[in-house]
Structures are given as structure tokens and as C-alpha cells.
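# Reading the structure
Spelled out, the chains give:
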Amino acid sequence: MLNEAPAAAVRAVASPAAGAWVVHKFGGSSLADAACFRRVAGIVAGLEEARVALVLSACRGVTDALINLVSAAERGNLDGCRTSLARLQARHEAIATELLGAAEARAYGEAFSADVADLERLLQAVSLLRAAGSDIRDRVAGFGELWSSRLFSVYLQACAPGQRVRWLDARDVVVVEWGPLGPGVQWPDSRERAARSVAADDAGVLVIPGFVATDTRGLQTTLGRNGSDFSASIFGALLGAREIVIWTDVSGVLSADPGQVPDARVIASLSYSEAMELAYFGAKVIHPQTMAPAVEQDIPIRIRSTFAPAEAGTTIVASPEAGELVKGITSIRDVALVNLEGAGMIGVPGTAHRLFGALHEAGISVILISQGSSEHSICCAVPSGQAALAERALRRAFSAELRDGQIQSVAVTGGCSIVAIVGDGMAQSHGIAGKLFQAFGQAGINVRAIAQGASQRNISAVIDDRDVSKALRAVHAAFYLSPHTLSIGLVGPGTIGSVLLDQLASQAGRLRREFNLDLRVRGIATSRRMLLAEQAIDLDRWREALERGGEPLDLDRFTAHVAAEHLPHRVMIDCTADAGVAARYAAWLRSGLHVATPNKKANSAALADFRRIQEAKRAAGTQYFYEATVGAGLPIILTVRDLRETGDRIRQIEGILSGTLAYLFNVFDGGAPFSEIVKDAKARGLTEPDPRDDLSGMDVARKLVILGREMGLPLELADVKVESLVPPQLRECGIDEFLERLPEHDAAMGALVEGARRDRQVLRYVARLTADGRATVALERLDAGHAFANIALTDNVVRFVTDRYCDNALVVQGPGAGPAVTAAGVFSDLLRLASGLGARI
Ligand code: ADP
Ligand code: ASP
Ligand code: MG
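The sections below set out a description of the structure shown in this document. (Residues numbered from 1 in each chain as written. Chains lettered and ligands numbered in written order. Predicted model: local features only at pLDDT ≥ 70, side-chain atom pairs only at ≥ 80, totals over all residues. Heavy atoms only, no water.)

## A word on the sheet that holds strand S15 (residues 377–383)
Here we have 6 strands laid out as an open sheet, ordered S14-S15-S13-S16-S18-S17, and antiparallel in their pairing. The open sheet has two edge strands, strand S14 (368–371) and strand S17 (447–452), and neither has a second partner. Geometrically, the sheet is characterised by an average inter-axis angle of 30 degrees between neighbouring strands, direction not taken into account. By the bridge criterion, 4 bridges tie S14 to S15 in an arrangement that is antiparallel. Bridge pairing in S15 places Ile369 opposite Cys380. Contacting strand S13 (328–341), S15 and strand S16 (409–422), helix H12 (residues 387–397) runs over the sheet at an angle of about 125 degrees to S16. Contacts from helix H15 (residues 468–478) reach S13, S16 and strand S18 (458–464) within the one sheet, and its direction differs from that of S13 by about 125 degrees. (Pairing = 2+ DSSP bridges. Helix = DSSP H or I, 4+ residues; strand = E, 2+ residues; numbered from the N terminus. Axes fitted to C-alpha atoms, helices over the stretch in contact; angles between N-to-C directions. Contact = heavy atoms within 4.5 Å.)

In C-alpha cells:
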């Protein structure tokens, strides 16, 4: 049977003089072509041990090709078989010709032809019967290992003529019996054969085909897919090896499948049980059965890369040195959830027994089981291919209960995957499950079922198959095995947007180093063009790239790109002032994209639209940040929120909310005419392109609406009483005419400032909002000693009068306009978002 002990008193074939054997297994990925054979021979030549057992897989892809041959023969396609066989022969002979002398290559080719003739006979028989038994399938599948190992053995001998190199037929040694749990090694028999085949004082290199073995009737069989790892471990036990090295194409067991998680990293050491758990849950790098014989004899297993032999790889031992609590994350694709549900099951013993009995009889392997303590339902995961069979088996087994209503349903949900985290250390710590499910939640992943064994070595969750990549990455990052990655799309690289990109470019390295935060701008869109990058746009050169490599804007495609399924966290940054872009927030938030913006349009649009955004974000669990819409980088919205959340009541907010107007009235003292000051401010980039956007007071009114809504008031823009500073006759004309005719207004403005000065007052454009919803924006005369009268340049100032801050108001003041501080406000929103998503900031 599978876990039958290779006997405690195993008589190891070992000689003290030559030291213990070391088994080195090279997988198919290390034996793809002649260059690979050379590389492997080089590694073998560099080994220091005197007794080396090499276990080889078939060349890459050969086992699959052989198994396909059997299927083709079953369909009667013998021509196809012949073509494939010829291709296999040509591939091997090409390697032989490249590596061996002509004579050796010819001899190898002749032996190969004999095998091909054998295979053709077998396949002919299959095509007549239109069915292949497992005997024939195993027989055919095992040829790949014979071909690769014979070739390598000859080549190795040729490389080192003085060395003792011997091909050892694994079929003469390893005897297995296939049972329900797979191939079970017949240890006494195998040990005896090993002792006969390998003398106690044998030394040098043994070249052994992996994967193949003999069954108890003496027929060739295999050890199951990826069984060469198992072969290595069996020979390790039989030879009493001191180490088993599994050479493959990655530098060890990685914390996740590198195909799914590019940031996966090599795990330095694992316990046998961790490795077993990872292997069982899909870490293809090592076959789960490999462990049993090695564990029994406490033989360390090392995983190393043929392509990077200098690296230490992963060591798998009984008690590894301390490492991360969660060592790795794996997934099993293509599973279906089977759910049996019914009130009639509660408290009735034997339901589970019948359920699993029925599945067992139908030959279905159950991958995961979960039952809530209410006993109202039991669910289990099975391979997708067996889902329909499972459903039929259960309907049959519970037909009476289904008819009588004790069981309400047998439901099968296809298209699922299992994601599991693995680590021995989880047993002694808390908060691991919390972090796992938080990561799922924040990445917008729905969890369908959960299982944690009492060993606490593994927590598994069943999720939708399409979420797998995203889930693996989110979980990997949540346990700090890889950086927290944010996929960022920036719309509007104008004044603020481009400064933000510069800030991101200069800080990205530090954020990655210090906080393991990977901010990836994967899309930049202007109003006409867009630039997309699969990984990340080089922020030092985005302008040229956008011009050269950009494409016409398609915001839908832009959105889809930024929202890439495989990246767990996605955020749109809108640095436009556009209402059309703002109108997309609700859809973005609903589809799982977070939004950060300095654009005031969304929050000051119709209340219904604003509410739609709030609902979308609540429904999808996404985040919406807009601190920079009021007072640029100043913490104004944050202050409103903090006050409210701590139970304070805001009675009044008043302040100067426009940096532009603050500047104009700071400078305007009656000396130079008002129109000159406006033109000068425009020239310095301190006003909107059309200064009327500032002078009209609408910008300030919008900010007031945003603050009002933050206070919980149902405020509309139309509710704000706004005093416009644009003369009525200049509101409709073009901008040039406006600038030309603005001096017509100078006399009136001059009189105002003069009047104020006489009374030791100043002019300030002030916004006011009270708790009952009264909102005004107007030019006011303030005493020279007033807080608002003494602000610098483009300062914003906001005064909060609340129940707590009533005698002495809370004041926030500082630069409230300008690209650098506004961009910094958006940047800090971005970091707040990352921190909320679990980054250690
Ligand atoms: P070999 O041919 O050497 O037996 P395999 O193809 O069977 O190699 O297994 C190695 C592959 O397993 C790697 O190339 C990698 O893509 C994949 N893999 C999946 N999960 C993991 C993991 N957790 N660690 C390392 N490799 C993994
Ligand atoms: N060649 C076999 C397979 O592909 C065994 C192995 O490579 O481990 O399944
Ligand atoms: Mg393998």
C-alpha cells in the first residue's frame, strides 16, 4: 500500500568506504534537448560523492506524447500514431547524434527502432480493440524514461571514460501494487531485488529510468504522473541514501506557482509535512508521494535548479529552521462543489457516511470536505470532470430523501478552484485565517467554502476559478511573501496629474523597499490618447512613450486593462476636471476599482449621482478617496470625517477655499487695478485657464457642497448662494474679450477695496456653511485682525465650529492650491488606500 513503511530495519545497500549514496533526480524540464543533457552531465561531473544514483525522467513532453499515442490508437488513428512515433524517434536521435559519436548514435537508433516496432504492435492491438487497458497505457507511457536514461548513460560514459557508469533497470528493482490510493511499493521484494542489483561495495554512477516499475505479476507499470520524483525517493530508501536531490527548472519550492504569481520566491526550508501539503495542493514541483519513503528514513530532500546550480534551493527535512508562518500558497484548478442540503439531515447519524460512500462507489475522489455544525448541509469538492457523475451518484443514493423532502437539494457548482495556504507554524498562531479572508475580501473575491484540518497546517478555500490568479497574488502579498501591488490607471496627466506621476516616480523605489508596496501605473490616458503597459509604465519617460507608443483613447478598454483580473488591487486616479470622467466613478467602484481624485465634479454633481457613487462603493467594498478636492493636500475632509466619527457635531464651517481668490485679494490693495492682478495671476498659472471659473465662485461653491455632503447634509449646488465676481455683461463672451473688457470693472472693485480700507478692513471671498444647510459664498469685508485677513499668498483656511470646538474653533490653514500640494494630497490618498488594503505603511 501507499504508505507501507520501507521497513524500519531496511537493509541499505551501502558501503562505509565509499560513503552513502546520494540520489539525484533530473526532471523532464531538465532534459529537453541536447544542451540540457550537456548541462546535466556537467552537474553530475561536478558532484563530489563517490556513489551517485541518477534517476531520470523522460525528455520534456515525451510522456504526454506517448499517452496521446494510446488515445489516438483507441480512436483507430494508426497513421497519426506512426507520424508521432517517427517524430519522437527523430527527436531522440537528433540529441544522440549531437552528443555521441556516429557509432554510438547508430546503436542507440537501432535500439530505438526495436522499441518503435514493439510500440507499433501494442498500438495496433489497441486500435483493434478500440480500448486500452491500464496495463498497456502504463507500458507505453514508460518508454520515455527508458529512452532518456539509456541515452544519458551512454553519453555520461563517453564524457568520463574512466568512471564506472551503469544503467540500472528500475523495472528489475521496484515492485508496486496499485491500490485505491495509488501505487504501493512492495518493500521486502524491492529491497531484495535492490540488494541483488546493487552490490554493497558498488560505487560510481547508476543511471536509472524514473517513473517505471514492475507490478506483482511482473508486468511493466508506472508510478503515476510525475512519478519520477517518487522513483527517486524509493531508490533513496532502497540505497539508504543520505540525501535526495530533485533537479528541476526552478530554484526550489516556490512560495507559489511562478506561472500565477511572478513574485513567488524560493522557500529555503520546509518540513516534510509542509512539502507534502504543498505538493498535494498543486505545487507541481514535487510529487506528493515522494515524501513517504524519505520521511520514513529521515532522508533530506533538496530541490534545486539545473539552470542555476549555484543556488542552494529548498531543503525538505523533518524539522526545518524557523521561517515564515505561511510557507506557501497553492491552488487546485478545475474543481466542482457538490452541496447536499436539507433540514432532514440535522442530528441524523450516517448522512456523511452515505454521501462519501456513494461518491466512493462511483470512483470519485473527494478533494475537500466542509460541514457546518448546524448539519444543515455538507459540501465537498470533486474534480470538475467527475461532477456530473457525483451528482448522479448522490441523487441515486438519496432518492428517497429527495422525494420525501428530508433533503432539499443536491447542487453542483462547476468552475471552482481551491486555494490553500500551507505552513506548520499556523498551528501556534492566531490571525492567520483572518488575514487570509481579509485578503480575499479586499480583492473582491467570493469564498464559497472553507476547510481547515485539525492539523492546522493548511487552510483551504473554494473560490470561483476565474478569481484564482488574483486570489493567489492577493494572498501572497497579504502574507508579505510578495509586495502589495496596486494596478494604477491615471486619467488626465495635466498640471496635477503629471506632477503626481513625477512624485510616484521618485518615491516608488523607497515605497517598495521600505513598505513592500509596488505601485504600478499601468495606464495613462489623456483626453485623446492612452498608453497601456502590461507590467508598468516607465514613469521617467511616459511623455515620449505616450506620443510614440500610445493609441487613441478608448476609456472602456483603458478601464478593462487597469482592472486586469490577475492583479488584486486596482485604482483609478482621475486628475481631470471633467464631468464625463467623474460620471464613470460609480461603475468603476462597482466593478472593483478603487478611485482617488482631486476632481470636484463627482462629489458636487446632483445628489442622486453622489449617492449612486456611495452605494456602488458600499456594494463592492471598494474605496473612494477625494481629500484633494478641497484645500489640495490639507487635511480638511479628513478633519470633517474625524470629527463626525468621534461623535462631534459640526455647527458651522467657514473659510477661504480658493487659493486663487485668496491670492487675488491678498494682493489687491487698491494699488494696481483688479484686472491687472487677474491677468498677472493667470500668467503665473495661479488661475484656471479661464479665470472666470475662479471668479464666478462656482469652484468654491462646489467645495462647499462637498464639505456639506461630508457633514451629511443633502446639499445641492443650486442650494449655495453664490456671489459671482464676474460682471454680468462678461459672463457669456469669449475669454479674450473677457480679459480685454475686465478693466471696465476696475472702478467698482477699486471702490470696494477703498471702502474697506477706510474702515481698517480687508476684502475676502468667504464660504460659509451651517448645520441647517445654509450655504453662502460671497465677497466680505473682514476686520484686519480676523484670522482670514492674515493668510499668506494662496493659503486656504477653514474654521470648524463644533460642539467640542465651540469657544475656540478648530482651524486648518496652509497652502491650498498648486500642483505639488494637490498631487501630494492624491498621493497620500493612494497610500491610505494601500494601507487599508493591508500594506505595512
Ligand atoms: P520536472 O520536469 O523537473 O519534474 P515539473 O514541470 O514537473 O518539473 O515541475 C516544475 C514546475 O512546477 C516549475 O517549472 C513550476 O512552473 C511549477 N510549479 C508550480 N507550483 C510551484 C511551486 N510552488 N514551486 C515551484 N514550482 C512550481
Ligand atoms: N515522465 C513522467 C511524467 O511526465 C514522470 C515524471 O517526469 O516525473 O509524468
Ligand atoms: Mg515533475
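And the narrative resumes.
## Focus: the site of ligand 1
Taken together, 18 residues sit near ligand 1, with Ser29, Thr248, Asp249, Leu254 and Lys284 positioned nearest. With respect to ligand 1, the backbone of Gly28 contributes an N or O atom lying 3.1 Å from an oxygen atom. Within the side chain of Lys284, a nitrogen or oxygen atom sits 3.1 Å from an oxygen atom of ligand 1. Across the complex, the protein chains shield 87% of the 570 Å² of accessible surface that ligand 1 would expose by itself. Residues belonging to the shell around ligand 1 are distributed by class as follows: 8 nonpolar, 6 polar and 4 charged. (Near = heavy atom within 4 Å. Polar contact = N/O pair within 3.5 Å; in protein donor to acceptor, adjacent residues only side chain to side chain. Areas by Shrake-Rupley, 256 points an atom, 1.4 Å probe, with all protein chains shown as cover. Nonpolar A, V, L, I, M, F, W, Y, C, P; charged D, E, K, R; others polar.)

## Considerations on the nonpolar core
Here is a general trend for soluble globular proteins: nonpolar side chains tend to be buried in one another's company. Leu54, Phe152 and Ile301 are the most contacted members of the largest nonpolar core, which totals 96 residues. Per element, the largest residue contribution to this core is 8 residues, and it comes from helix H4 (residues 102–129). Among all residues touching Ile301, those that are not within four sequence positions of it are Ile244, Ile246, Tyr272, Ile286, Met291, Ala294, Thr314, Thr315 and Ile316. Core analysis: the second largest hydrophobic core is formed by 71 residues, Val581, Ala616, Leu707 and Phe738 among them. (Core = buried A, V, L, I, M, F, W, Y, C linked by side-chain atoms within 4.5 Å. Buried < 20%, exposed > 50% of the residue type's maximum accessible area, 1.4 Å probe, protein only.)

## A closer look at helix H28 (residues 746–758)
Across its 13 residues, H28 extends 18 Å between first and last C-alpha, which sits within 8% of the 18 Å expected from 1.5 Å per residue. Looking only at H28, the buried set comprises Asp746, Met749, Val753, Gly755 and Ala756. The inward-facing, buried residues of H28 contact helix H23 (659–667), helix H24 (674–683), strand S28 (761–770) and strand S29 (775–783). Once H28 ends, the next one or two residues include Arg760, with phi positive near 55 degrees. (Expected span 1.5 Å × (residues − 1).)

## Remarks on the site of ligand 2
Near ligand 2, the surroundings consist of Ser57, Thr63, Glu145, Phe211, Arg225, Asn226, Gly227 and Ser228. A distance of 3.4 Å separates an oxygen atom of ligand 2 from a polar atom in the backbone of Gly227. A distance of 3.1 Å is found between an oxygen atom of ligand 2 and a backbone nitrogen or oxygen belonging to Ser228. Calculation on ligand 2 without its partners gives an accessible area of 260 Å², and the protein chains cover 89% of this total. Residues of the shell around ligand 2, tallied by class, amount to 1 nonpolar, 5 polar and 2 charged.

## Overview of the packing of aromatic side chains
Inspection of the entire model under this criterion finds 14 aromatic pairs. An angle of 25 degrees between the planes, with centres 6.0 Å apart, marks the rings of Tyr585 and Trp588 as stacked. Of this pair, Tyr585 and Trp588 are both found in helix H20 (residues 585–590), 3 residues apart, which corresponds to roughly one turn of the helix. As far as burial versus exposure is concerned, Tyr585 and Trp588 are alike and both buried. Through successive ring pairs, a cluster of aromatic residues spans Tyr108, Phe112, Phe143 and Trp147. (Phe/Tyr/Trp six-rings, centres within 6.5 Å; stacked < 30°, edge-to-face > 60°.)

## Points about the sheet that holds strand S3 (residues 165–167)
Here we have 8 strands laid out as an open sheet, ordered S3-S6-S2-S1-S9-S11-S12-S10, and mixed in their pairing. In the strand order of this sheet, the two ends are held by S3 and strand S10 (269–271), each with one partner. Direction aside, the axes of adjacent strands within the sheet are offset by 20 degrees on average. Relative to strand S2 (residues 51–56), strand S1 (residues 22–26) runs parallel, the two sharing 5 bridges. Opposite Lys25, over in S2, you have Val55 as the bridge partner.

## Observations regarding the environment of Gly46
With respect to the helices, strands and loops of the structure, Gly46 is situated in the loop between helix H1 (34–45) and S2. Expressed as a C-alpha distance, the spacing of Gly46 and Arg242, which sit 196 residues apart in the sequence, is 18 Å.

## Some thoughts on empty space enclosed by the protein
A complete count under the given rule lists 2 cavities of 30 Å³ or more for this structure. What lines the largest cavity is a set of 12 residues, and nearest its centre among them are Asp263, Arg473, Pro483, Thr485 and Leu567. When residues of the lining of the largest cavity are traced back to their parent elements, those giving at least two are H15 and strand S19 (484–491). Computed from the structure, the second largest cavity encloses a volume of approximately 70 Å³. Lining the second largest cavity, in full, are Tyr624, Phe625, Tyr626, Glu627, Ile637, Leu638, Arg641, Asp829 and Arg832. (1 Å grid on protein atoms, 1.4 Å probe; cavity = no way out; pocket = protein on both sides within 12 Å on 5 of 7 lines; lining within 4 Å. Points joined across faces, edges and corners; volume = space filled by probe spheres on them.)

## Considerations on the packing of H1 against helix H3 (residues 78–99)
For the pair H1 and H3, interaxial distance at closest approach is 9 Å and the crossing angle is 55 degrees. When the interaxial angle is binned, H1 and H3 end up oblique. Crossing handedness for the pair H1 and H3: right-handed. In this structure, H1 contributes Ala34, Phe37 and Arg38 to the contact, and H3 contributes Ile95, Glu98 and Leu99. A breakdown of the residues in the contact of H1 with H3 according to their chemical character gives 4 nonpolar, no polar and 2 charged. (Parallel < 35°, antiparallel > 145°, perpendicular 65-115°, else oblique. Left-handed = near helix turned anticlockwise from the far one by under 90°.)

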